[in-house]
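Take a look at the letters that make up each chain.
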Amino acid sequence: RSRCADEAVLCTHILSLIATNFARETGEVLGFMDGTFYAHQGESPLALSRAVHRVLEFLREAEMITEVGEWLEATEYGSLVSRLYIDPRSAEVIVMAMARQKKYTDIGLLHLLCSTPDMLTLYVRRDDMYILDRFLADHRDDLWMEIPWDAGEGFDRSLKTALLLADWADEVGEDVLCERYSVGPGDIYGMVESVAWLVHASRQLAGLFAPHLAGPIEEMELRTKHGIKKELLPLIRLRGIGRVRARRLFNNNLGSIEALRAAGPEKVGKVLGQGIAARIFEQLEGARDEVGELAEGQATLSRFG
């Protein structure tokens with residue numbers, strides 16, 4: 001069966017056709033779809049035409065494309081969504097929610113992303129409801145998505161998944177996560193991988209629609225990737241430093257690049273080992289050299305090539 005039978009998939013591909021200038025008119029979109037496996041497997045021409053027009057209507061209303069007569073063109077927003085290769089419906093959910101936010105919250109972003117069609121979510125068990133209800137009682141205002149009056153399993157699943165990811169980014173241990181959320185290690189890393197691209201996509205979309213959120217979302221992109229608190233961000237950017245080594249450095253009062261330079265290779269080596277310390281200081285010296293080259297390069301225009 002063709003995946004284009006799913007209108008969400010059809011929406012992604014039609015936006016791509018328009019954003020890449022492969023199809024510039026409604027008739028060209030219909031002509032292309034008429035030659036696909038979706039049409040070949042027996043979809044009637046009338047049903048196919050209706051599905052395509054529903055998709056085009058959604059893309060127009062979301063302002064991802066413009067239509068003048070039969071002429072179709074992707075907007076800057078639509079081109080970005082196509083390059084990010086996320087479900088346009090997910091992009092619209094993200095943009096609409098971010099545009100309303102005046103302040104950033106970690107759980108607000110994560111719950112928003114876990115509420116999109118692109119995100120897989122965890123099953124909710126009866127024992128999970130205590131954690132979810134307790135969170136809502138204390139942190140309801142931190143959510144970016146409104147709680148529907150008839151909130152059901154979908155809402156509960158998205159919230160459970162968001163809470164797991166928030167705990168992961170706060171360096172809660174794997175064993176604790178598995179017990180708290182009744183999941184296995186594979187579930188944790190599956191959720192982390194699933195949300196990683198959505199966090200990246202939301203950062204790109206924030207640049208267009210909510211610039212005040214772009215910086216915090218960029219930080220969360222690194223935090224969800226590595227499972228670290230904000231305080232470890234300066235260290236995690238060093239090659240060879242993961243969440244465990246970064247935490248060890250921080251706990252030894254070596255929580256910044258300046259602190260590492262001041263301590264010197266010998267002291268850092270006592271914490272992480274001399275080999276790793278040597279690699280760290282190679283990077284630090286390289287960064288210092290690059291800064292020096294940049295300053296020198298401003299003397300002549302030829303250095304900007």
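This text goes with the structure placed above it.
Note that the coordinates shown come from a computational prediction; the quantities given were computed from them, not determined experimentally. (Residues numbered from 1 in each chain as written. Predicted model: local features only at pLDDT ≥ 70, side-chain atom pairs only at ≥ 80, totals over all residues. Heavy atoms only, no water.)

(A) Quick look at the pattern of salt bridges. Within the structure shown, the criterion is met by 10 salt bridges. Among the salt bridges present, the one from glutamate 219 reaches lysine 230, with a minimum N-O distance of 3.5 Å. On the criterion of sequence distance, the pair formed by glutamate 219 in helix H12 (residues 211–226) and lysine 230 in the loop between H12 and helix H13 (233–236) is long-range, its members being 11 residues apart. Between glutamate 231 and arginine 247 there is a salt bridge; the shortest N-O distance is 2.8 Å. Residue glutamate 231 is found in the loop between H12 and H13, and its partner arginine 247 is found in helix H14 (residues 243–251); the two are separated by 16 residues along the sequence. Salt bridges sharing common partners tie together Asp106, Asp170 and Arg223. (Salt bridge = Lys/Arg side-chain N within 4 Å of Asp/Glu carboxyl O. Helix = DSSP H or I, 4+ residues; strand = E, 2+ residues; numbered from the N terminus.)

(B) Representation of helix H11 (residues 185–209). Between its first and last C-alpha atoms H11 spans 36 Å; for 25 residues at 1.5 Å apiece the expected length is 36 Å, and the two agree. At valine 195, H11 is bent by approximately 25°, the largest bend along its length. Along H11, the residues that are buried comprise Ile188, Met191, Val192, Val195, Leu198, Val199, His200, Ala201, Ser202, Leu205 and Ala206. Packing partners of the buried residues in H11 comprise helix H5 (76–84), helix H6 (88–99), helix H7 (106–114), helix H9 (153–169), helix H10 (174–181) and H12. (Expected span 1.5 Å × (residues − 1). Bend = angle between axes of the 7 residues up to and from the residue. Buried < 20%, exposed > 50% of the residue type's maximum accessible area, 1.4 Å probe, protein only. Contact = heavy atoms within 4.5 Å.)

(C) Spotlight on the environment of threonine 161. With respect to the element layout, threonine 161 can be found in helix H9. When the C-alpha atoms of threonine 161 and glutamate 221 are compared, they prove to be 16 Å apart, with 60 residues separating the residues in sequence.

(D) A look at the nonpolar core. In terms of nonpolar packing, the biggest core is built from 75 residues, with Ile14, Met98, Leu165 and Leu205 touching the most fellow members. What leucine 205 contacts, discounting residues up to four positions off in sequence, is Tyr77, Leu80, Val81, Leu84, Ile86, Ala91, Ile94, Val95, Met98 and Ala210. Counting 20 residues, the second largest nonpolar core, distinct from the first, contains Leu235, Leu254, Leu272 and Ile280. (Core = buried A, V, L, I, M, F, W, Y, C linked by side-chain atoms within 4.5 Å.)

(E) Broad picture of H10. When H10 is considered as a whole, its buried residues turn out to be Leu177, Cys178 and Tyr181. Each buried residue of H10 lies within a common arc of 100° when the element is viewed along its axis, so the set occupies one face. Exposed and oriented more than 90 degrees from the buried face of H10 are Asp175 and Glu179. Here the buried face of H10 lies against H9 and H11. The first or second residue beyond H10 is serine 182, which carries a positive phi of 55°. (Arc of directions from axis to C-beta.)

(F) Quick look at the environment of methionine 64. With respect to the element layout, methionine 64 can be found in the loop between helix H4 (45–61) and strand S1 (65–68). Overall, the relative accessible area of 0% leaves methionine 64 in the buried class. If sequence neighbours within four positions are ignored, methionine 64 has contacts with Leu15, Leu59, Glu73, Ala74, Thr75, Tyr77, Gly78, Val81, Pro88, Ala91 and Glu92.

(G) Focus on the pairing of S1. Summarising the sheet, S1 and strand S2 (residues 71–74) pair through four bridges and their orientation is antiparallel. Note that in S2 the partner of glutamate 67 across the bridge is leucine 72. Hairpin remark: S1 followed by S2, antiparallel, with two residues in the connecting loop; positive phi at glycine 69, about 65°. (Pairing = 2+ DSSP bridges.)

(H) View of unusual backbone geometry. One non-glycine residue with positive phi stands out, namely tyrosine 85, at about 55°. Among the secondary structure elements, tyrosine 85 is positioned in the loop between H5 and H6. In this structure, asparagine 253 is a non-glycine residue whose phi angle is positive, near 60°. Here asparagine 253 is to be found in the loop between H14 and helix H15 (257–272). A residue is classified by how much of its surface remains accessible, and asparagine 253, at 70% relative accessible area, is exposed.

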